[in-house]
Amino acid sequence: MTTGSMLSGSQGCLVGFSKPTVFTGASAMFLLVYLALWKYHDSTNPLLASASSLPGDESRPLPGAHSPHDFLERIMSCDPDEPKKENVLLQKNESMPIIYFVTPTYARSVQMAELTRLGQTLSSVPALHWILVEDASKCNPIVGQLLRRLGIPFTHLASEMPAAYKKLKIPPRGVSNRRAALKWIRRNVKQGVLYFGDDDNSYDLRLFEEIRDTRNISMFPVGLIGDYAVSAPVVHDGKVVGFYDSWPAGRRFAVDMAGFAVNIKLLHQFPNATFIYEAGFEEDSFLQEIVTDADFIEAKAANCTEILVWHTRTVQVPAAILQPPTQTLTETSISALLRRLDDMQLATISSKGKPSSVHYLTNV
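Residues numbered from 1 in each chain as written. Predicted model: local features only at pLDDT ≥ 70, side-chain atom pairs only at ≥ 80, totals over all residues. Heavy atoms only, no water.

### A word on the sheet that holds strand β17 (residues 347-349)
Logical step 1: Strand order in the open sheet formed by three strands is β17-β16-β18, and the pairing between neighbours is parallel. Each edge of the open sheet is held by one strand with a lone partner, namely β17 and β18 (354-355). (Pairing = 2+ DSSP bridges. Helix = DSSP H or I, 4+ residues; strand = E, 2+ residues; numbered from the N terminus.)

### Here's the deal with the packing of aromatic side chains
Logical step 1: One pass over the structure, following the stated rule, counts 15 aromatic pairs.
Logical step 2: Each ring, one from F275 and one from F286, has its centre 4.7 Å from the other, and the planes form 25 degrees; the classification is stacked. In this pair, F275 is assigned in the loop between α8 (265-269) and α9 (282-290) and F286 in helix α9, connecting sequence segments eleven residues apart.
Logical step 3: Residue classification places F286 among the buried positions, given a relative accessible area of 0%.
Logical step 4: Following the ring pairs from residue to residue traces out a cluster consisting of F101, Y195, Y203, F208 and F220.
Logical step 5: Taking NZ or CZ as reference, R108 lies 4.3 Å from the ring centre of Y106, over its face.
Logical step 6: Positioned above the aromatic ring of Y106 is the side chain of R173, whose terminal nitrogen or guanidinium carbon lies 4.0 Å from the ring centre. (Phe/Tyr/Trp six-rings, centres within 6.5 Å; stacked < 30°, edge-to-face > 60°. Buried < 20%, exposed > 50% of the residue type's maximum accessible area, 1.4 Å probe, protein only. Lys NZ or Arg CZ within 6 Å of the ring centre and 35° of its normal.)

### Some details on the UniProt feature "binding site: Mn(2+)" (unreviewed entry) in the chain
Logical step 1: The positions UniProt marks with the feature "binding site: Mn(2+)" (unreviewed entry) are D200.
Logical step 2: Of the residues examined, D200 reaches a relative accessible area of 18% and is grouped as buried. (UniProt positions renumbered as here; feature names shortened; annotations may be inferred.)

### A few points about the pattern of salt bridges
Logical step 1: Using the criterion set out here, one finds ten salt bridges in the structure.
Logical step 2: Residue R206 pairs with E306 through a salt bridge whose shortest N-O separation is 3.9 Å. Of the two residues, R206 is situated in helix α7 (residues 206-211) and E306 in the loop between α10 (301-304) and β15 (309-310); the sequence distance between them amounts to 100 residues.
Logical step 3: A relative accessible area of 48% means that R206 is categorised as partly exposed.
Logical step 4: Several salt bridges converge on common partners, so that one network encompasses D204, R206 and E306. (Salt bridge = Lys/Arg side-chain N within 4 Å of Asp/Glu carboxyl O.)

### What about a nonpolar patch on the surface?
Logical step 1: A cluster of nonpolar side chains, namely Y228, V234, V241 and Y244, defines an oily patch on the protein surface of about 380 Å² accessible area.
Logical step 2: Relative to the helices and strands, Y228 is located in the loop between β10 (222-223) and β11 (230-236). (Patch = residues over 30% accessible without salt bridge, like charges linked within 9 Å, V, L, I, M, F, W, Y side chains within 5 Å. Areas by Shrake-Rupley, 256 points an atom, 1.4 Å probe, with all protein chains shown as cover.)

### Considerations on unusual backbone geometry
Logical step 1: Positioned with a positive phi, A229 is a non-glycine residue whose angle comes to about 65 degrees.
Logical step 2: Residue classification places A229 among the partly exposed positions, given a relative accessible area of 43%.
Logical step 3: In this structure, C304 takes a positive phi of about 60 degrees despite not being glycine.
Logical step 4: Relative to the assigned elements, C304 resides in helix α10.
Logical step 5: Owing to a relative accessible area of 10%, C304 belongs among the buried residues under this scheme.

Below is the structure:
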């Protein structure tokens, strides 16, 4: 072993040698046994993962990506009262199953606009619990303020995408968030209906009444998907017999994430069912775990002939980089407004940004 070489530990520890070292006899045997035990520890610990396990071609999925236990997500609860009350089942109505509406979200310029629009839609739905999961290491307090202001029963979590998957050409966005939500539901909820609703989709209020009585798994069309402008189950004699989707890609269940709902009892019957970290195959991986009989699939939305949810997309507006105005009247609102823009990811305030100015009324 030459000068400066190191042994890399599985928990980020580095053992360095400042000069050439020769191991002989008992010391060499001890080192070999130690390294063998360490390698075994590394390969059996699901919490340990490193960029060195990535393939050379970033377009390929990670080795073992189809295993539900690639990573154990770090989940942060953002509700300070949750340890006391779990912030669950706040609306109790024995005759109306609660819909647990899971939304992954991430920081971008249009995030608060999307969440505001979605939240005001959900505020019109009775017996609904919103589980909002941020793709971040900690929760954004601005998002928390919105949740509290809307008055919807909610759970606010943060679960960041593992760093290894951020390097892929098509990162599997939302997987860590949904996996975190599944874990939270299994720990805290016994009954109800689970639905995955992205923050940029558009929802007909009739959708919620359609899915509320889901006994096992219900499916329905999603508009504005792919080359067919729709992704939909195909129904014959009241049963789902196939899927109309322009990107089948070998999937058994060629459905969009917004195109199905699940009775929560199935999450407990199949406690290991989750999503894989592979873009485009998340839905299929999850459904293959819990759909043991296609006859259990319930066709909603008039036998899958109506569209009650659309995969709309908001134009992504790059966040501005602004210099604050150089001449302002004292005690105006501009300073607070600029801070708000920064908090909401709409703009970054920097001395290197684009100059901005205030056009004052001439009589001020």
